[in-house]
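Summary of the model geometry
For reference, the chains in residue letters:
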Amino acid sequence: MITFKEMLPQELSENTFRMIGDDWMLITAMDPANGSYNTMTASWGGLGVLFHKPVAYIFIRPQRYTKEFVDRADQITLSFFGGDMRRALQFCGSKSGRDCDKIKQAGLSAFVDGKIVGFKEAEKIFVCRKLYASPLMKEGFVGDKIPRSVYADDDYHTMYILEIEKILTKQI
């Protein structure tokens, strides 16, 4: 039986550059109006301290279906997996929940706990509360190299700052 144990964000010892940039994560949010949820793979973001709180910051492009859920939700989860789940994460990053049940097709087992959604296959699940959201703007960049190379279609990400309320760690 798989269970999760709570830990404080300050107890995290993993390399966050590897967790986010190399191993990737799933950003998941539930629509509070109807209980539906969606997830997406992300490899951009970070962890730190802001507003005297442990935070995660994530970035979502405007055309992503999951953004609609994140914008409506107060709580969001960031799920981190072992290396054996790479294919599932690639699938969730390449398919839209508008077009298919990508969670099921990726072979993931979602569970709902109140207003959050996690995955039984995750090694760690960060339970977060949204604190701030703002679109990145071309005028905010120093120089034009990044806007030219990353935002050729002017589809600037929205940045979200999330308070990490707790981390759930898989116990086997």
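The structure this text deals with has already been given above.
In this report, the structure presented in the accompanying data block is examined. Nothing here was measured: the structure is a model prediction, and the numbers come from that model.

Rules behind the numbers
Residues numbered from 1 in each chain as written. Predicted model: local features only at pLDDT ≥ 70, side-chain atom pairs only at ≥ 80, totals over all residues. Heavy atoms only, no water. Phe/Tyr/Trp six-rings, centres within 6.5 Å; stacked < 30°, edge-to-face > 60°. Helix = DSSP H or I, 4+ residues; strand = E, 2+ residues; numbered from the N terminus. Buried < 20%, exposed > 50% of the residue type's maximum accessible area, 1.4 Å probe, protein only. Lys NZ or Arg CZ within 6 Å of the ring centre and 35° of its normal.

1. Section: the packing of aromatic side chains
One pair of aromatic rings is described through two measures. These are the centre distance and the angle between the planes. This structure, assessed with the given rule, holds eight aromatic pairs. Residues F141 and Y156 carry aromatic rings whose centres are separated by 6.2 Å and whose planes lie at 35° to one another, so their mutual orientation is tilted. Here Y156 lies in the loop between α5 (145-150) and β10 (158-171) and F141 lies in the loop between β9 (124-135) and α5, a separation of 15 residues in the sequence. We classify F141 as partly exposed; its relative accessible area is 22%. Taking relative accessible area as the criterion, Y156 reaches 12% and is therefore assigned buried. Summarising the aromatic geometry, the rings of Y151 and Y156 are spaced 4.4 Å apart at their centres and angled 25° between planes, so their arrangement reads as stacked. Taking relative accessible area as the criterion, Y151 reaches 3% and is therefore assigned buried. Just above the ring of F69 sits the side chain of R72; from NZ or CZ to the centre is 5.4 Å. Seen from the ring of W24, R86 lies directly overhead, with NZ or CZ sitting 3.4 Å from the centre.

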